[in-house]
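The chain contents come next:
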Amino acid sequence: TMRGDEEYDYLFKLVMIGDTGVGKTNILSRFTKDEFCLESKSTIGVEFSTCAFHIEEQIIKAQIWDTAGQERYRAITSAYYRGAHGAILVYDVTRPASFANISRWLKELREHVDSNTVLILIGNKIDLHNLRNVDSEEAQRFAKKEGLAYIETSALDSTNVEKAFDIIFAEIYRVVS
Ligand code: GDP
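Residues numbered from 1 in each chain as written. Predicted model: local features only at pLDDT ≥ 70, side-chain atom pairs only at ≥ 80, totals over all residues.

The protein has the name Ras-related protein RABA2a in an unreviewed UniProt entry, where Canna indica is given as its organism. Quoted verbatim from the Subcellular location (unreviewed entry) field of UniProt, the annotation for the protein is "Endomembrane system". Check the Sequence similarities (unreviewed entry) section of the UniProt entry for the protein; it says "Belongs to the small GTPase superfamily. Rab family." (UniProt positions renumbered as here; feature names shortened; annotations may be inferred.)

Quick look at the structure:
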């Protein structure tokens, strides 16, 4: 059957959050480079990538939003979070402060999204073995307590980046289908 470019069965909106410098932009570009994605800029100044793929014969279109540095000024607006089906919370395994701040990001997130929004916590930069300063088990425990999926990645060498997106897409699909 013929389908137009604009046709899809589900549209997923995902947002990336976390402190400046943890690797959000690099994780997203690592993922989108290997997939069929388009980059856009929204009217509210944030950037997003749109990707299309299949899950169980359904055409999924995913819009993944990046803060474009606005988190630096704590200036993320409610428009950023509005209608998000999933959120990717990122910290840097070499920077404990970025892990501690995840609680604040979660609080802000939960003020803006409803309770069935799917959340994943990513500990990024695991290629920096010697500089690791956040314990995996501690992060795992925190994620479990808060009801988040948890995975560790390296945007630099690609470790687990695709897997992280696969996990969150599959979970969103389970929730919405
Ligand atoms: P953002 O502010 O959260 O979007 O972070 P960026 O994606 O801009 O990354 C901040 C800095 O960390 C940049 O210098 C990246 O090259 C670096 N970076 C991002 N991800 C990784 C990673 O997985 N490993 C290493 N070693 N550096 C990374």
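Still more ground to cover, so stick around.
Asker: Can you walk me through the nonpolar core in this structure?
Answerer: One broad rule of soluble globular proteins: the nonpolar side chains tend to lie buried together. Counting 44 residues, the largest nonpolar core has Leu14 and Leu89 as its most contacted members. If you tally residues by element for this core, the top one is helix H6 (residues 161-176), at 6 residues. (Core = buried A, V, L, I, M, F, W, Y, C linked by C-beta atoms within 7 Å. Buried ≥ 20, exposed ≤ 12 C-beta atoms within 10 Å, placed from the backbone. Helix = DSSP H or I, 4+ residues; strand = E, 2+ residues; numbered from the N terminus.)

Asker: Looking at this structure, how should I read the pairing of strand E4 (residues 58-66)?
Answerer: Walk down a regular strand and you will see the side chains alternate between the two sheet faces. Two elements, strand E1 (residues 10-17) and E4, share 6 bridges in a ladder whose sense is parallel. In the strand pairing of E4, Tyr10 is matched with Ile60. Across 9 bridges, the pairing between strand E3 (residues 47-55) and E4 is antiparallel. Looking at the pairing, Cys51 lines up with Ala62 of E4. Counting the residues that bridge the hairpin from E3 to E4 gives 2 residues, and of these Glu56 lies at a positive phi of roughly 45 degrees. (Pairing = 2+ DSSP bridges.)

Asker: Which parts of the structure should I look at to understand the site of the ligand?
Answerer: Among the 14 residues in the neighbourhood of the ligand, the closest are listed as Gly23, Lys24, Thr25, Asn26 and Leu156. Examining the composition of the shell around the ligand, we find that 3 residues originate from one element, helix H1 (residues 24-33), more than from any other. Taken together, the residues of the shell around the ligand sort by class into 4 nonpolar, 7 polar and 3 charged. (Near = placed C-beta within 6 Å. Nonpolar A, V, L, I, M, F, W, Y, C, P; charged D, E, K, R; others polar.)

Asker: Is there a simple way to think about the confidence of the model for the protein in this case?
Answerer: A low pLDDT score tells you not to read the predicted coordinates there in detail. In the predicted model, the protein carries a mean pLDDT of 91, and the fraction of residues at 70 or more is 94%. This prediction of the complex comes with two scores: 0.93 for pTM and 0.99 for ipTM. (pLDDT = per-residue confidence, 0-100.)

Asker: Would you explain H1 in this entry?
Answerer: Note on helix geometry: an α-helix contains 3.6 residues per turn, so any two residues three or four positions apart are oriented the same way. Considered for burial, the residues of H1 that qualify are Lys24, Ile27, Leu28, Arg30 and Phe31. Each buried residue of H1 lies within a common arc of 160 degrees when the element is viewed along its axis, so the set occupies one face. In this structure, the buried residues of H1 make contact with E1, E3, E4, strand E5 (86-92), strand E6 (118-124) and H6. (Arc of directions from axis to C-beta. Contact = placed C-beta atoms within 7 Å.)

Asker: How should the environment of Leu121 be read in this particular structure?
Answerer: Its location among the elements puts Leu121 in strand E6. For Leu121, a count of 26 C-beta atoms within 10 Å gives the class buried. Sequence-wise, Leu121 and Ala164 are 43 residues apart; in three dimensions their C-alpha atoms are separated by 9.1 Å. Those residues in contact with Leu121 that sit more than four places away from it in its chain are Leu89, Ile102, Ala139, Ala143, Leu148 and Tyr150.

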